[in-house]
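Geometric and topological summary
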Amino acid sequence: MAKIRVGVNGFGTIGKRVAEAVRLQPDMELVGVVKTKPDYGAVYAIKHDIPVYTIKDSLEKFKEKGLEVAGTLEELLKQVDVIVDATPGGVGATYKPLYEKAGVKMIFQGGEEANVAEVSFNTFCNFNEALGRKSIRVVSCNTTALLRGICTLNKISRVESVRATIVRRGADPKETKRGPINAIVPNPAKMPSHHGPDVNTVLPWLDIVTSAVVVPTTLMHVHIVYARVKDNITRDEIIETFERTPRILLASSELGLKSTADIVEYARDLGRKRYDIPELVIWLESITVKNNEVMWMQAVHQESIVVPENIDAIRAAMKAVKTAEETIEITDKTLGLLHGRIP
Ligand code: NAD
């Protein structure tokens, strides 16, 4: 079968990771990425044999810097089946008419409004709804993490409500203009935060309320999740379920994994590129059950958690597989994703 031809518009935090993940898929071909600036990111791509395209307005800038581009975004769109839009939040929607004109399938990111696409997506929750769609929105890092946990728990007992607090990282490591540097900022002060409604774009039936604060760290987010389930399930059942679920890692503080810094250090020890941890990391000792209330704490690597879901969304749009399990198997094997207890 012919490979799925993929282009990536935007080669920043998410775009570069998705592009490299596409290159590892046996059923996909990365045709090229779009860069607007002739900066070190463009040099990196060219040096790594990733064809770089640009927008018409930037052609001259690349020429001045002596960086050769493969063509324009419009030319890239003529050669692909799917475009993954990884431009900054809100910019993706402005490109939609161009993508539509080119007749390509579109994968958008969580920084876009939900109405940018036919369906908001998480592999664990609504893979089938995305099959064959023209446009799919992969929800944000925080929403992806919440959904992975909720939809996993929902397999053993119906999740009736969720209350979650999100401790957000202040910025990605490369960002110098964001903060806070020395404060904890309610985000927003008026509750609830937008994360609950974003979960509802995928699970409209769920009663969920979230709150959020931003803290001075760049490594990961942390969530404190309270879920009310229909049945009285045991802590052991929950641990077993999380343990056997792909893309979920259980970290033990008794093993020294006491913080996001320890988790990142472990990813470095594993030799993970850019210390990526696309798995959802749940602290084993935090998992607590009281009657039908389940509580846990989880760490979320914001820069990489949505990468596997982007790969699955490409397969869903192209109907390249029939089930979530099929795509999870290929994606996780090629990306080297782990599950179960660390180590
Ligand atoms: P980023 O700023 O790191 O990367 C965006 C890239 O797009 C940059 O390379 C930028 O130069 C380029 N760009 C800017 N304007 C452009 C334009 N008009 N046309 C083409 N390219 C343009 O952003 P990011 O963090 O990768 O975020 C991308 C999307 O992913 C957003 O919707 C964001 O909300 C979402 N997302 C981000 C994270 C995260 O933690 N960084 C996590 C999950 C989802």
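A few points on the structure. Everything quoted here is computed from the prediction, not taken from an experiment.

We now examine the overall build of the protein. A count of helices and strands for the protein gives twelve helices and 17 strands. Taking 343 residues into account, the globule formula puts the C-alpha radius of gyration at 20 Å, and the protein, at 20 Å, falls close to it. Taken along the three principal axes of its C-alpha coordinates, the protein extends 65 × 45 × 40 Å. Counting all 343 residues of the protein, 55% fall into the buried class. Put simply, 72% of the contacts in the protein that link residues at least 6 apart link residues at least 24 apart. As presented, the protein carries roughly 15300 Å² of accessible surface, and 52% of it is formed by carbon and sulfur atoms. The distance from the centre of the 45 positive side-chain charges to the centre of the 43 negative ones in the protein is 3 Å.

Here we come to the state of the cysteines. Scanning the entire structure with this criterion turns up one disulfide. Residue Cys125 pairs covalently with Cys151 via a disulfide, S to S 2.1 Å. Of note, the bridge from Cys125 to Cys151 carries an S-S torsion of about 115° and is right-handed in sense. Note that Cys125 is positioned in helix H6 (residues 123-130) and Cys151 in helix H7 (residues 141-153), a separation of 26 residues in sequence. Here Cys141 is not disulfide-linked; the sulfur of Cys125 is the nearest cysteine sulfur, at 16 Å.

Backbone torsion omega between Asn187 and Pro188 reads 0°, so that peptide bond is classified as cis. Tracing the backbone through its elements, the reader meets Pro188 in the loop between strand S10 (185-186) and helix H8 (195-200). Of the consecutive residues Met191 and Pro192, the connecting peptide bond is found in the cis state with omega at -5°. Looking at where Pro192 falls in the secondary structure, it is placed in the loop between S10 and H8. Here Lys319, not a glycine, exhibits a phi torsion of approximately 50°, which is positive. You can see Lys319 is positioned in the loop between helix H11 (307-318) and helix H12 (324-335). Since its relative accessible area comes to 58%, Lys319 is described here as exposed.

We now examine empty space enclosed by the protein. Per the stated rule, a full pass over the model turns up one cavity of 30 Å³ or more. Size it by volume and the largest cavity reaches roughly 60 Å³. Leu249, Ile263, Tyr266, Ala267, Leu270, Arg272, Ile277, Glu279, Val281, Leu338 and Ile342 are the residues that line the largest cavity. Counted by class, the lining of the largest cavity contains nine nonpolar, no polar and two charged residues.

This structure, assessed with the given rule, holds 20 salt bridges. A salt bridge links Arg315 to Asp27, with the nearest nitrogen and oxygen atoms 2.7 Å apart. Linking Arg315 in helix H11 with Asp27 in the loop between helix H1 (13-23) and strand S2 (28-34), this pair joins segments that are 288 residues apart in sequence. With a relative accessible area of 0%, Arg315 lands in the buried category. Here Arg341 ties to Glu243 by a salt bridge, and the two come within 2.7 Å at their closest N and O atoms. Of this pair, Arg341 sits in strand S17 (residues 340-341) while Glu243 is found in helix H9 (residues 235-244), placing the two residues 98 residues apart along the sequence. Counted as one network, the salt bridges with shared partners bring together Arg148, Arg247, Glu309, Asp312 and Asp332.

Right, let's get into the pairing of strand S5 (residues 82-85). Neither face of S5 is exposed, since Val82 and Val84 on one face and Ile83 and Asp85 on the opposite face are all buried. Relative to S5, strand S1 (residues 4-9) is paired through four bridges, and the arrangement is parallel. Within S5, the position partnered with Val8 by the bridge is Val84. As judged from the three bridges shared by S5 and strand S6 (residues 105-108), these two strands associate in the parallel manner. Across the sheet, Val82 pairs through a bridge with Lys105, a residue of S6. On the question of chirality, the crossover connecting S5 to the parallel S6 by way of helix H5 (residues 91-102) is right-handed.

Rules used throughout
- Residues numbered from 1 in each chain as written.
- Predicted model: local features only at pLDDT ≥ 70, side-chain atom pairs only at ≥ 80, totals over all residues.
- Heavy atoms only, no water.
- Helix = DSSP H or I, 4+ residues; strand = E, 2+ residues; numbered from the N terminus.
- Rg over C-alpha atoms; globule rule 2.2 N^0.38 Å.
- Buried < 20%, exposed > 50% of the residue type's maximum accessible area, 1.4 Å probe, protein only.
- Contact = heavy atoms within 4.5 Å.
- Areas by Shrake-Rupley, 256 points an atom, 1.4 Å probe, with all protein chains shown as cover.
- Lys, Arg positive; Asp, Glu negative; His and termini not counted.
- Charge placed at Lys NZ, Arg CZ, Asp CG, Glu CD.
- Disulfide = S-S within 2.5 Å.
- 1 Å grid on protein atoms, 1.4 Å probe; cavity = no way out; pocket = protein on both sides within 12 Å on 5 of 7 lines; lining within 4 Å.
- Points joined across faces, edges and corners; volume = space filled by probe spheres on them.
- Nonpolar A, V, L, I, M, F, W, Y, C, P; charged D, E, K, R; others polar.
- Salt bridge = Lys/Arg side-chain N within 4 Å of Asp/Glu carboxyl O.
- Pairing = 2+ DSSP bridges.
- Right-handed = clockwise from strand over helix to strand, strands pointing away.

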